[in-house]
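Overview (structure and organization)
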Amino acid sequence: QQQVKQSPQSLIVQKGGISIINCAYENTAFDYFPWYQQFPGKGPALLIAIRPDVSEKKEGRFTISFNKSAKQFSLHIMDSQPGDSATYFCAARGGLTLVFGKGTRLSVIA
Amino acid sequence: DTGVSQDPRHKITKRGQNVTFRCDPISEHNRLYWYRQTLGQGPEFLTYFQNEAQLEKSRLLSDRFSAERPKGSFSTLEIQRTEQGDSAMYLCASSFSTGTGNEKLFFGSGTQLSVL
């Protein structure tokens, strides 16, 4: 399956700032793009997801921006809080399985 | 809804030994997935069940790996003749297919395998 490329690998943001994580994909057959949040010792938890016929989706402080022509999508975390410190994974669905990016470790500092 | 449960949480074994992990999905979920996650990487797909039928297997799943889901309920993942390269977090996920394409995967906390 095609890879999903995620950047940056790590991110440090001040409390109250905006965290931005980017992903790019190659396979145009991908039809569903979720973001997962993972805390140490836990499994990934679904945060927010988008389908390619929508350019933006917002849920609370979390927003996905989707650029179908560029084959890129990004996660924006507004008003970042120390409790948001975790590893974030973008993913893309091909068929019935998810392909994950390598993750971004976010640290929100006070 | 008690979530996806995995057992054991940690397993340490010697190279060459067999290990078996168990996953109990959310009760009404008809799909069950196994993923593997190594340090600093995202989860990698291993295999997938629709009810009791194993419908897809990754090339990552060598002949030493076998998964079952009897009666479409819990699932087991067995690794025979473990190798040090098998050391990873093994994650189970489940979902309920609604046919809309918006199914949500719920992951368990995983089984951390260390092969010495």
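Described below are features of the structure shown in this document.

**Focus: the state of the cysteines**
In this structure the tally under the stated criterion is two disulfides over all chains. Two residues share a disulfide in this structure: C23 of chain A and C90 of chain A, whose sulfurs sit 1.9 Å from each other. With the S-S bond torsion at -95°, the cross-link from C23 of chain A to C90 of chain A turns out left-handed. With C23 of chain A in strand β3 (residues 19–25) and C90 of chain A in strand β9 (residues 86–94), this residue pair connects regions lying 67 residues apart in the sequence. Note that C23 of chain B is cross-linked by a disulfide to C92 of chain B, the S-S spacing being 1.9 Å. On the sign convention where negative is left-handed, the bridge of C23 of chain B and C92 of chain B, at about -70° about the S-S bond, is left-handed. With C23 of chain B in strand β3 (residues 19–24) and C92 of chain B in strand β9 (residues 88–95), the pair connects residues that are 69 residues apart, well separated along the chain.

**What about the sheet that holds strand β6 (residues 56–59) of chain A?**
Residue and element names in this part refer to chain A. Strand order in the open sheet made by the five strands is β1-β3-β8-β7-β6, with antiparallel pairing throughout. Lying at the two open borders of the sheet, with one neighbouring strand each, are β1 (4–7) and β6. Each adjacent strand pair in this sheet contributes to an overall mean axis angle of 15°, direction not counted. Relative to strand β8 (residues 72–77), strand β7 (residues 62–67) runs antiparallel, the two sharing six bridges. Pairing of I64 across the sheet is with L75, part of β8.

Scoring rules and cut-offs
- The residue count restarts for each chain, going from 1 along the sequence in the order it is written.
- As they are written, the chains are lettered A onward and the ligands numbered 1 onward, keeping that order.
- With pLDDT at 70 or above as the cut-off, local features in this predicted model cover only qualifying residues; side-chain atom pairs require 80 or more to be listed or tallied, and sums for whole chains, interfaces and linings still use all residues.
- By convention in this description, side-chain values take in all heavy atoms of the structure and omit both hydrogens and water.
- Disulfide assignment relies on a single distance test, namely cysteine sulfur atoms paired within 2.5 Å.
- Secondary structure elements follow DSSP: runs of H or I no shorter than four residues count as helices, runs of E no shorter than two count as strands, and numbering proceeds from the N terminus.
- In this analysis, strands are considered paired if DSSP registers two or more bridges between them.
- Each axis is a line fitted through C-alpha atoms, taken for helices only over the stretch in contact, and angles between the N-to-C directions span 0 to 180 degrees.

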